[in-house]
Amino acid sequence: MNIVYFVFESKEMKNFFKVILDFLIPPTCPVCHKRGSNEGLCPECFSGLEFIGKQKCARCGRPLDVFLPEIENICGQCLKKPPHFHRAEAVFKYNDTIKRLILPFKHGDHIELTELFVRFMAANNREIIDKNQVIIPVPLHWSRLLKRKYNQAALLAKRLAKRHHKIYAPLVLKRTKSTKSQGHLSPKERSKNVRGVFVVKQPEQIQGKNVLLIDDVFTTGATANECAKVLLKSGAKSVDVLTIARVVKN
Ligand SMILES: [Zn+2]
Ligand SMILES: [Zn+2]
């Protein structure tokens, strides 16, 4: 019994089996489907990823051209109209390469990509993860969940919470209306489109707590901001936002 346990549970044996498996079925890059590397992505696709890095707005995470390391840098838009969330961060700029990973994750049942995204988040955004106690995904409306079968933000939030020993609270936020696709809306229209769409169902889970909200892509921040507004109103101490990618207008 003990030997069986050793064979299947020991790290050495797992690594041994992984080496054999990688030899028999070489891992393929999830972006271009050519042969991948240890990180999963092939070197060409990996170099196509654009990390946001540290030179960004301390509130909304927008990359900044002018950046002074010794002060808190806040972009003009956040100075003019501060968001409800305290801080939003993303691992990558939204570009063609990351889009080719996010779309199959979101719409193509490629839920195995969860682990890869969470690893990137953990490596690049550790501070924001460590600060928060409760992790909440941006919810889908039930009708969309039925169509898509899963909520990609919930997969990320659950895995991240497990990995970093945080409370995963998927039922705190509820989307009460199915909103039209935000794809072609202006920032103003997006804000209007999500206004009043979210309600807090379990306020006791967030009262006095630092909350981390998880989504796949941060576009204008309208959705994250609306979620943060209702979470704060229901007693959350602070709300931060973490996404895989962020749209950056040139
Ligand atoms: Zn590739
Ligand atoms: Zn900003």
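The following paragraphs examine the structure supplied in this document. (Residues numbered from 1 in each chain as written. Chains lettered and ligands numbered in written order. Predicted model: local features only at pLDDT ≥ 70, side-chain atom pairs only at ≥ 80, totals over all residues.)

What to know about the packing of helix 6 (residues 114-124) against helix 9 (residues 152-163)
- Packing of helix 6 against helix 9 brings their axes to within 9 Å, and their N-to-C directions diverge by 55°. As judged from the angle between their axes, helix 6 and helix 9 are oblique. Crossing geometry of helix 6 relative to helix 9 is assigned as right-handed. On helix 9, the residues touching T114, E115, F117, V118, M121 and A122 of helix 6 are L155, L156, R159, L160 and R163.
- When grouped by side-chain class, the residues that make up the contact of helix 6 with helix 9 number 7 nonpolar, 1 polar and 3 charged. (Axes fitted to C-alpha atoms, helices over the stretch in contact; angles between N-to-C directions. Helix = DSSP H or I, 4+ residues; strand = E, 2+ residues; numbered from the N terminus. Parallel < 35°, antiparallel > 145°, perpendicular 65-115°, else oblique. Left-handed = near helix turned anticlockwise from the far one by under 90°. Contact = placed C-beta atoms within 7 Å. Nonpolar A, V, L, I, M, F, W, Y, C, P; charged D, E, K, R; others polar.)

Re the sheet that holds strand 7 (residues 238-246)
- Across the sheet, which stays open at both edges, the 5 strands sit in the order 1-7-6-2-3 with parallel pairing between neighbours. The open sheet terminates on both sides in strands that have one partner only, identified here as strand 1 (87-93) and strand 3 (167-168).
- Pairing of strand 2 (residues 134-137) with strand 6 (residues 210-218) involves 4 bridges; the strand directions are parallel. Residue pairing across strands places P137 opposite I214, the latter belonging to strand 6.
- Its contacts with the sheet place helix 11 (residues 222-233) against strand 1, strand 6 and strand 7, and it is angled at close to 165° to strand 6. (Pairing = 2+ DSSP bridges.)

A look at helix 6
- Residues F117, V118 and M121 constitute the buried set of helix 6. Down the axis of helix 6, the smallest arc covering the buried residues is 95°, so these residues share one side.
- Contacts from the buried residues of helix 6 go to strand 1, helix 9 and strand 7. (Buried ≥ 20, exposed ≤ 12 C-beta atoms within 10 Å, placed from the backbone. Arc of directions from axis to C-beta.)

That is the geometry; function is a separate question.
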